Amino acid sequence: MPSRSENVPATLMPTDHGRIAQAVLDFVSQVPASRIGHSTDPDSEARKLATRAAQRAALAAGSLALPPGPLGWLTLLPELVAIWKIQGQMVSDIAAAYGRHATLGREQMLWCLFRHTAAQAFRDLVVRMGDRLVFRRMSHSVAQRVARQVGVKITQRTLNKGLSRWLPVIGALGVGAYAYYDTGQVAQTAIEMFESEIAVEDEADDGDGAAPAKPKAKPSRSSGEKSVVGAARKVAGTARKAAKTARNVVGSASKAAGAAHKRVSRKPSKPTPE
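**Here's the deal with the nonpolar core**
One finds Trp 84, Val 91, Ile 94, Phe 114, Met 193 and Phe 194 to be the most contacted residues of the largest nonpolar core, which totals 56 residues. Of all the secondary-structure elements, those providing two or more residues to this core are α1 (17–28), α2 (42–64), α4 (76–97), α5 (106–114), β2 (132–136), α6 (140–162) and α7 (170–194). The greatest single-element share of this core, amounting to ten residues, is contributed by α4. Excluding its chain neighbours within four sequence positions, the residues that come into contact with Trp 84 are Ile 20, Ala 23, Val 24, Phe 27, Phe 114 and Ile 154.

**A word on the sheet that holds strand β1 (residues 126–129)**
Across the sheet, three strands lie side by side as β1-β2-β3; this open sheet has mixed pairing. Every interior strand has two partners, whereas the edge strands, β1 and β3 (197–201), have only one. Averaged over all adjacent pairs, the angle separating strand axes in this sheet is 25 degrees, with direction ignored. The pairing of β2 with β3 spans five bridges and is parallel. Paired with Leu 133 across the strands is Ile 198, a residue of β3. Relative to β2, α5 is tilted by about 115 degrees, and along the sheet it contacts β1, β2 and β3.

**Structural notes on the pattern of salt bridges**
In the structure shown here, the tally under the stated rule is four salt bridges. Its salt-bridge partner being Arg 106, residue Glu 107 comes within 4.0 Å of it at the nearest N-O pair. A relative accessible area of 28% places Arg 106 in the partly exposed class. One salt bridge in this structure joins Arg 132 and Glu 197, with 3.9 Å as the shortest N-O distance. Of this pair, Arg 132 sits in strand β2 while Glu 197 sits in strand β3, placing them 65 residues apart in sequence. Overall, Arg 132 belongs to the partly exposed group, its relative accessible area being 31%.

**Considering the confidence of the model for the chain**
Residue-level pLDDT values for the chain average 75, and 61% of them are 70 or greater. Taking the mean pLDDT of every element in the chain, the minimum, 54, falls on helix α8 (residues 223–266) and the maximum, 94, on α2. Segment residues 1–15: pLDDT under 50, and 29 contacts once partners within four positions in sequence are set aside and those in other chains are kept. The low-confidence segment residues 207–226, where pLDDT is below 50, has 19 contacts with residues more than four positions distant or belonging to other chains.

**Examining empty space enclosed by the protein**
Space left empty within the atom packing is revealed by a probe, the size of a water molecule, rolled over the atoms. By the definition in use, this model includes two cavities of 30 Å³ or more. Its volume calculated, the second largest cavity comes out at about 40 Å³. Around the second largest cavity, the lining residues are Glu 107, Phe 122, Leu 125, Val 126, Phe 135, Arg 136 and Met 138. Tallied by class, the residues present in the lining of the second largest cavity amount to five nonpolar, no polar and two charged.

**Some details on the pairing of β1**
Both faces of the sheet carry side chains from a regular strand, because those side chains alternate between them. Both β1 and β2 contribute to a ladder of four bridges, which runs antiparallel. When the bridges of β2 are listed, Val 126 appears paired with Phe 135. Remark: two residues form the turn of the hairpin made by β1 and β2, two consecutive strands paired antiparallel; Gly 130 in that turn has positive phi of roughly 65 degrees.

**As for the packing of aromatic side chains**
The geometry of an aromatic ring pair is captured by the separation of the ring centres together with the interplanar angle, meaning the angle of the planes. Across all of its chains, the model carries six aromatic pairs by this definition. Ring centres of Trp 111 and Phe 122 lie 5.7 Å apart, and the angle between their planes is 90 degrees; on these two criteria the pair is classed as edge-to-face. In this pair, Trp 111 is assigned in helix α5 and Phe 122 in the loop between α5 and β1, connecting sequence segments eleven residues apart. The same class applies to Trp 111 as to Phe 122, namely buried. A connected cluster of aromatic rings, assembled from ring pairs, spans Phe 27, Trp 84 and Phe 114.

**Looking at the packing of α2 against α7**
Remark: α2 packs on α7, axes separated minimally by 7 Å, with the N-to-C direction vectors making an angle of 155 degrees. Judged by the angle between their axes, α2 and α7 are roughly antiparallel. For α2 against α7, the interelement crossing comes out right-handed. Along the contact surface, α2 presents Asp 43, Ala 46, Arg 47, Ala 50, Thr 51, Ala 53, Ala 54, Gln 55, Ala 57, Ala 58, Ala 61 and Gly 62, while α7 presents Ala 172, Val 175, Gly 176, Ala 179, Tyr 180, Thr 183, Ala 187, Gln 188 and Ile 191.

Reading the values: the criteria
- Residues numbered from 1 in each chain as written.
- Predicted model: local features only at pLDDT ≥ 70, side-chain atom pairs only at ≥ 80, totals over all residues.
- Heavy atoms only, no water.
- Core = buried A, V, L, I, M, F, W, Y, C linked by side-chain atoms within 4.5 Å.
- Buried < 20%, exposed > 50% of the residue type's maximum accessible area, 1.4 Å probe, protein only.
- Helix = DSSP H or I, 4+ residues; strand = E, 2+ residues; numbered from the N terminus.
- Contact = heavy atoms within 4.5 Å.
- Pairing = 2+ DSSP bridges.
- Axes fitted to C-alpha atoms, helices over the stretch in contact; angles between N-to-C directions.
- Salt bridge = Lys/Arg side-chain N within 4 Å of Asp/Glu carboxyl O.
- pLDDT = per-residue confidence, 0-100.
- 1 Å grid on protein atoms, 1.4 Å probe; cavity = no way out; pocket = protein on both sides within 12 Å on 5 of 7 lines; lining within 4 Å.
- Points joined across faces, edges and corners; volume = space filled by probe spheres on them.
- Nonpolar A, V, L, I, M, F, W, Y, C, P; charged D, E, K, R; others polar.
- Phe/Tyr/Trp six-rings, centres within 6.5 Å; stacked < 30°, edge-to-face > 60°.
- Parallel < 35°, antiparallel > 145°, perpendicular 65-115°, else oblique.
- Left-handed = near helix turned anticlockwise from the far one by under 90°.

Below, the structure written as structure tokens:
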């Protein structure tokens, strides 16, 4: 039996962001398995996985974008789903390379796949605190709200890509190049996430009368940031002192010039020789 992530409706219309949102939720409901083992050099392994996935995504998107005109519009959503599958597997493999596959859940998959598409949708759900990424576990209603915001952005992007279907070959090259770039963005988000410490907090459901979530703690500054801030404050203090000294010097010079001018104006003129 195929998993839910493979049961993305095939009858979606490109302008129906509500159904696209549901497809997003169905896709991230299960994390793909990975055959990649824990790597001794996870960063290098992740870069290789990202490059291979970007090449596969570009090839898949470019091939599906080859049919011109109205026929090409029928391949918009199959292209979207194909890229999601490639990117989702890539995120799963990167997690395994870092030995963090057990920490990869629905929230993390959404973050990796769609953060660069709709960053505002995750504003209250993911918080960076120093070297930690704190994810708030999404209730069903919150997940739907996030998916709707993501769906709107994806719909707009899909409609823009649909215009390329009227440019045979050239349009396919552009679609393939964008899929390569988009997959690279997903990989970068995943690498940054797995290089950080990940924490998950519970999130109350919207409208269920539960207590509101605790306010976000202010991110703590690292020692390097503190030293930079301290140095900047010292420089600012020195600059203020120098400015004050300069104003005093200018004031003293102005007073001296005024006194000299008065003395010159009061000095009697010499008598003219006969």
